[in-house]
Amino acid sequence: MSFGGPHTYRAGRGPTSVAVADLDGDLRSDLAVAHAPSTVSVFLNRGRGRRPAKLDYRTGPDPASVAIGDLNGDRRPDLVVANSSASTVSVLLNGGRARFAPRHDYATAAAPIGVVVADLNGDGKPDLATVNGASISLLAGTGDGRFGPHADFTTPAQPSAIASGDLNGDGTADVVALDSPQVLVFLGGRGGLRRGRTYSGYGSSVAIADLDGDRRPDLVTDGLQVLLNRGDGTFGRARGYDIGYAQGLAVGDLNRDGQPDVVVGEPVAPNQQDCDTGDGISVYVLANRGHGKLGSSLPFSTGDDGCAPTPALGDMNGDGRPDLVTANTSSGTVSVLLNGFGRCAVPDFEDGAVWSLPRATGILRRAGCDVGSIGHARSEWMPRGAVVSTRPHWGAVLPRGGEVDLTLSKGSG
């Protein structure tokens, strides 16, 4: 499993959340990015590696999360943004070709930081649910893009994330809130939400996916806690994986084996020091090994300084493979890392580490690449025989077996 890139684009101050969907109906995946002070930016994918077109729309103050869904039944994806300072959600209806109408705001409980779109009361119309400072809010939809007053459900402490899916197979979406060190289940139905069971689980994000292949949706947190569904919407004891503190979570089949893999954003530089070193930040990919078990983590740099990249998945180049997208809070950017599975994604040999030719050759082959020509150049910093640079540079994606030329150090003499 390997990824190219990153291709980085300026978003705005403090991007907190990114969502992926075809917003303009051209069959290419676009991005919606929520960022300060009160904006959601839409990046329209123009294909063929061209820089995306960026359109900005007003939201409420301090947007913390963006979600996408068809809210009025016109088959166009609309935007919903949770505004933490205003205690509202902003609904922006898509008028076609990603031209969104001015926002309409709906009140929630205090300090919403996450939002999902799903039919939570079984009437066939999309509803909204937000996770707030001490509660979950449900806003029932009318089917035409409007929503009723919020009904609130208290939580034990301060939940940090929300996800939605049909956990018990009754055809109605349910809600999961992460209230670390607890995972709270709220079951949807004709009467709205009702409180289900509580489970142990920590982290700051949660996702729903069938991790063990039994066609039952399971739970995973960015604290790398996996809870397997027993089949009735209840879950077994969490299985944990320790990779350190993570921030943000995405789940999808990255290597075409039919099993969803897990991506987390980690606010630690690739050299494993603190995130203020200026060496960039990474996303970590954990391949699904089957039966709900995750493999060891593989880091991929976003190329930006700072902390807490928030990941999402989507096919950005139309090759049928999900790519990685991150909202990089500290640098005010979004990064796209193209999926190199089955191809050659040129590894990073210019990260300050010392890579000998035998070691670099092994890394290239594991990445689906071959060694091309070998040149030499003087270097004041690298010992003799170490890799100084590559052509093409790190992040390029080539056909499988593509040749990567290496320049080795002749030393400083």
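Refer to the structure printed above.
What this report covers is the structure whose coordinates are included nearby.

Procedures and definitions
Residues numbered from 1 in each chain as written. Predicted model: local features only at pLDDT ≥ 70, side-chain atom pairs only at ≥ 80, totals over all residues. Heavy atoms only, no water. Core = buried A, V, L, I, M, F, W, Y, C linked by side-chain atoms within 4.5 Å. Buried < 20%, exposed > 50% of the residue type's maximum accessible area, 1.4 Å probe, protein only. Helix = DSSP H or I, 4+ residues; strand = E, 2+ residues; numbered from the N terminus. Contact = heavy atoms within 4.5 Å. Phe/Tyr/Trp six-rings, centres within 6.5 Å; stacked < 30°, edge-to-face > 60°.

A few words now on the nonpolar core. Counting residues in each nonpolar core, the largest one holds 16 residues, and the members touching the most others are Leu23, Val40, Val42, Tyr57, Val66, Leu79 and Phe100. Contributions of two or more residues to this core are made by β2 (13-21), β3 (30-36), β4 (39-44), β5 (53-58) and β7 (78-83). With three residues, β4 is the largest single contributor of residues to this core.

Inspection of the secondary structure puts Ala67 in strand β6 (residues 63-69). Take Ala67: its relative accessible area is 9%, and that puts it in the buried class. In sequence terms Ala67 and Arg48 are 19 residues apart; their C-alpha atoms lie 26 Å from each other.

On to the environment of Ser85. Examined against the element boundaries, Ser85 turns out to sit in the loop between β7 and β8 (88-92). Sequence spacing of Ser85 and Pro112 is 27 residues, and the spatial spacing of their C-alpha atoms is 8.0 Å. Setting aside its immediate chain neighbours within four residues, Ser85 contacts Pro61 and Asp62.

On to the packing of aromatic side chains, then. Evaluation of the coordinates by the stated rule reveals six aromatic pairs. Both rings, one in Tyr57 and one in Phe100, keep their centres 5.4 Å apart while their planes meet at 80 degrees; by these two values the pair is edge-to-face. Linking Tyr57 in strand β5 with Phe100 in the loop between β8 and β9 (104-107), this pair joins segments that are 43 residues apart in sequence. You can call Tyr57 buried: its relative accessible area is 14%. Centroid distance Phe349 to Trp355: 5.8 Å. Interplanar angle 70 degrees. Geometry classified as edge-to-face. Phe349 gets classed as buried once you look at its relative accessible area, which sits at 1%. Residue classification places Trp355 among the buried residues on the basis of a relative accessible area of 11%.

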